[in-house]
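# Architecture at a glance
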Amino acid sequence: MTSTDAFVPPAGWSCAPLRDLCASLQTGPARRAEDRGRTWADGGAPLVLPRDLQGQRILTGEAAHVPAIPPDGARTLVKYELAEGDILLTRTGTVGRCALVTGEHAGWLFHPNLVRIRLPEARQVSATYLVAYLSATAAQDWITARTAGSVIPSLSLRTLGELPVLVPPAAEQEAIGATLAALDAKIRAHTEIARVTRDYRSVLADALMTGLLPTEP
């Protein structure tokens, strides 16, 4: 989607609003005050937060630190459960970050500041292609230009549903999605290496500068 007003898709490609490609666009459930502060370790359904969407994947860290909605509340929120192949997108704050839901997070719930994009069984776009498309510069610019709110930016479901999506033939979708997913995986790997190296440097610096770890003569 490069300025779709003037862009002519290649032969065999089409363009459709996001709402026409989805089975549903769903915001997360409001979290009860009494549930705040609970973690997965306390029991209940794990909850994906907006900050967990990084590098087109859900990064939740250690299970003990994942917020949760207790079993009694989670049983009433079945319609908000995630399934493999869903896509999550932030709709407030830093709007537009997106992630593909894998089997690891099936059955989890998601924060009200997130939108769950669910594709139909008979789909025109693949989930991997749509995540790649939503994270591309043109789509992100479209979303940013239509984000409302002077204090906390937000994006309505209605507006999101109007996002024009370029739809290549299935084989090209799979090739595009696979290529960009592979690069995303490399980015995540290098990001994790950088994080671990920073942590190691911090620990080593403390040890060296307090004499706990003498330097070699």
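Structure report, in brief. No experiment lies behind these values; they were computed from the predicted model shown.

Parameters and conventions
- Residues numbered from 1 in each chain as written.
- Predicted model: local features only at pLDDT ≥ 70, side-chain atom pairs only at ≥ 80, totals over all residues.
- Heavy atoms only, no water.
- 1 Å grid on protein atoms, 1.4 Å probe; cavity = no way out; pocket = protein on both sides within 12 Å on 5 of 7 lines; lining within 4 Å.
- Points joined across faces, edges and corners; volume = space filled by probe spheres on them.
- Helix = DSSP H or I, 4+ residues; strand = E, 2+ residues; numbered from the N terminus.
- Nonpolar A, V, L, I, M, F, W, Y, C, P; charged D, E, K, R; others polar.
- Buried < 20%, exposed > 50% of the residue type's maximum accessible area, 1.4 Å probe, protein only.
- Arc of directions from axis to C-beta.
- Contact = heavy atoms within 4.5 Å.
- Pairing = 2+ DSSP bridges.
- Axes fitted to C-alpha atoms, helices over the stretch in contact; angles between N-to-C directions.
- Expected span 1.5 Å × (residues − 1).
- Salt bridge = Lys/Arg side-chain N within 4 Å of Asp/Glu carboxyl O.
- Left-handed = near helix turned anticlockwise from the far one by under 90°.

### Regarding empty space enclosed by the protein
- Within this structure, the stated rule accounts for one cavity of 30 Å³ or more.
- Taken as a whole, the largest cavity holds about 70 Å³ of empty space.
- In terms of lining, the largest cavity is formed by Gln-56, Arg-57, Leu-100, Thr-128, Val-131, Ala-132, Gly-177, Leu-180, Ala-181 and Asp-184.
- At the level of elements, helix H3 (127-135) and helix H6 (170-209) are the ones that each hand at least two residues to the lining of the largest cavity.
- The greatest single-element share of the lining of the largest cavity, amounting to four residues, is contributed by H6.
- By residue class, the composition of the lining of the largest cavity is five nonpolar, three polar and two charged.

### Some thoughts on helix H4 (residues 137-145)
- Along H4, the residues that are buried comprise Ala-139, Trp-142 and Ile-143. Down the axis of H4, the buried side of the element spans an arc of 95°, and every buried residue falls inside it. Away from its buried face, by an angle of more than 90 degrees, H4 presents the exposed residues Thr-137, Thr-144 and Ala-145.
- Buried residues along H4 sit in contact with strand S7 (87-90), H3, helix H5 (157-161) and strand S11 (164-167).

### Structural notes on the sheet that holds strand S8 (residues 98-100)
- Spatially, four strands are ordered S2-S10-S7-S8 in an open sheet, and the strand pairing comes out antiparallel. Looking at strand neighbours, the two that pair on one side only are strand S2 (24-27) and S8, the edges of this open sheet. Neighbour to neighbour, the strand axes of the sheet diverge by 20° on average, direction disregarded.
- The pairing of S7 with strand S10 (residues 114-118) spans four bridges and is classified as antiparallel. If you follow Leu-88 over to S10, its bridge partner there is Arg-116.

### Observations regarding H6
- Helix length check: H6 (40 residues) gives 58 Å between terminal C-alpha atoms against 58 Å at 1.5 Å per residue, within 8%.
- Along H6, the residues classified as buried are Gln-173, Gly-177, Asp-184, Ala-205 and Ala-207.
- In this structure, the buried side of H6 is in contact with H3 and S11.
- Following H6 by one or two positions, Gly-211 adopts a phi angle in the positive range, close to 80°.

### A short note on the pattern of salt bridges
- This structure, assessed with the given rule, holds two salt bridges.
- Of the charged contacts, one joins Asp-86 and Arg-118 as a salt bridge, the two residues approaching to 2.7 Å between their closest N and O atoms. Of this pair, Asp-86 sits in the loop between helix H2 (71-74) and S7 while Arg-118 sits in strand S10; the two residues are 32 residues apart in sequence, bridging distant segments of the chain.
- Relative accessible area serves as the criterion here: at 25%, Arg-118 is assigned to the partly exposed category.
- Salt-bridge contacts for Asp-199 lead to Arg-195; the nearest nitrogen and oxygen are separated by 2.9 Å. Remark: Arg-195 and Asp-199 occur in helix H6; sequence separation between them is four residues, near one turn of the helix.

### Points about the packing of H3 against H6
- Where H3 contacts H6, the two axes come as close as 8 Å, and the packing angle between them is 65°. Our pair here, H3 against H6, has a crossing hand that is left-handed. Along the contact surface, H3 presents Thr-128, Tyr-129 and Ala-132, while H6 presents Gln-173, Glu-174, Ile-176, Gly-177 and Leu-180.
- The residue makeup of the contact of H3 with H6, split by class, is four nonpolar, three polar and one charged.

Geometric values such as these leave the question of function open.
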